[in-house]
Amino acid sequence: MKKKLLCFPLLLILALLSACGDEPERVQIIAMDTVMTFQTYGKAAEDALVDASAEVRRLDALLSRTDPESAVSRVNSAGGAPVEAGAELSELLETAAEYSRMSGGAFDITLAPVSSAWGFTTDSYRVPSQAELDALLAHVGMEHVHVSGDTVTLDGGTQIDLGAIAKGYAADRVLDLYREAGLERGWAALGGNVAALGCRPDGEPWEIGIQDPNRPDDGNAYAGLLYLEDACAVTSGSYQRYFEQDGRRYHHILDPATGAPADSGLLSVTVVADAEAGSGAMCDALSTALFVMGEEKALDFRRESGLDFELVLVTEDGRVVATAGLEGRFAPAEGSGYAYETVS
Ligand code: ADP
Ligand code: MG
């Protein structure tokens, strides 16, 4: 990045000016199969963005299920043998196991072979028979994942996919890097995962649009707006990846109870929490788990789990349900056509 700026003196001057003032520095990369944008402000911004991009690429290389060199692929291809997976992956697996336990199994990283059977890893989509799904489900469940120190062993037939938590974990790391660089403000958007540090330069909160799941191709169509400072917001939705066959839509968030796309009456779940250690990973894991659970169970879980987070649910029957703790931080999107409800 620096090299490029030196070749273009005008840009360099602009970059220097912006580093002193309120103008943002921004980079966009593609990693973890999604477009990511990182933005921050201040003297250390440019270096922090280089570091953030490198860190996310490092995590992609560690956690990718499709890169045969990744630690996750080494674990998946070990055929039941123990694999020295390293401290970071082992800890992330412990975290994933914890969210699986708390969610009563709705969050389950061992759905990997089931996801593959639907073609979601290769984009060659198909509808597997229930018999095929049932055979694969015999190997699904965190009891088939054994972590001992830095060593990971999977039971035969079990595979892992961290796609439902990796971007949130990466968002936590980007915010850590911003903080370590002494930056006061900025944000990182990793697909549907947003993490925001501080507030905007004008002292106002960051404005984050929740995509209207009924209009997924219109990037300016929102189901609601969030106004956040030092917070994470993660959306999981059935509109994010799907295929259609014989007039039916099949999406990528799977119900571990059936092996089929979760059919819970929700179109999207947005989880909001204060930005602190691990909260990006928490929001990511929970957005997937609560999508599987559906409205009623998701709201019960929020009240009973002891975890500190708020929710915005978009339902198939045209409602947007926001929890009361978002008061002053959530606003309806004008003209969206949704009916808005606040619940405890
Ligand atoms: P996205 O990756 O689109 O942001 P999610 O965070 O909800 O969305 O993760 C969905 C991905 O996680 C799927 O593509 C699949 O790899 C995996 N997955 C699907 N269902 C589950 C589940 N119930 N628990 C954990 N991971 C899941
Ligand atoms: Mg998720």
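Heads up: the structure comes first, above all this text.
Here's what I pulled together on the structure shown here. (Residues numbered from 1 in each chain as written. Chains lettered and ligands numbered in written order. Predicted model: local features only at pLDDT ≥ 70, side-chain atom pairs only at ≥ 80, totals over all residues. Heavy atoms only, no water.)

Another aspect to go through is the pattern of salt bridges. The tally for this structure, following the rule as stated, stands at 18 salt bridges. A salt bridge links R58 to E88; the nearest nitrogen and oxygen atoms lie 2.8 Å apart. One end of the pair, R58, is in helix α3 (residues 45–63); the other, E88, is in helix α5 (residues 87–102), with 30 residues separating them in the sequence. Assessed through its relative accessible area of 22%, E88 is described here as partly exposed. For R319, the salt bridge is made with D317, and the minimal N-O distance between the two is 3.0 Å. Looking at D317, the relative accessible area reads 56%, which means it is exposed. Bridged by salt links that share partners, the residues E55, R58, E88, R173, D176 and R179 form one connected network. (Salt bridge = Lys/Arg side-chain N within 4 Å of Asp/Glu carboxyl O. Helix = DSSP H or I, 4+ residues; strand = E, 2+ residues; numbered from the N terminus. Buried < 20%, exposed > 50% of the residue type's maximum accessible area, 1.4 Å probe, protein only.)

It is worth spelling out the packing of aromatic side chains at this point. Per the stated rule, a full pass over the model turns up eight aromatic pairs. Seen in terms of ring centroids, F301 and F309 are 6.3 Å apart; in terms of plane orientation they differ by 40°. Their pairing is tilted. For the pair shown, F301 and F309 are each scored as buried. Each member of the aromatic cluster is reached from another via a ring pair, and the members are W118, F120, Y125, F243 and Y250. The ring of Y242 has R249 sitting right over it, with the charged end atom 3.8 Å from the ring centre. (Phe/Tyr/Trp six-rings, centres within 6.5 Å; stacked < 30°, edge-to-face > 60°. Lys NZ or Arg CZ within 6 Å of the ring centre and 35° of its normal.)

Every protein donor of the magnesium ion (ligand 2) is accounted for by A164 (O), D284 (O), D284 (OD) and T288 (OG1), and the metal-donor separations fall at 2.1 to 2.5 Å. Going along the chain, you hit the donors of the magnesium ion (ligand 2) in the pattern A-x119-D-x3-T. On the criterion of sequence distance, the pair formed by A164 in the loop between β5 (151–154) and α8 (166–180) and T288 in helix α9 (residues 279–293) is long-range, its members being 124 residues apart. Given a relative accessible area of 22%, A164 falls into the partly exposed group. (Donors = N, O, S within 2.8 Å, 3.2 Å for Na, K, Ca; no water.)

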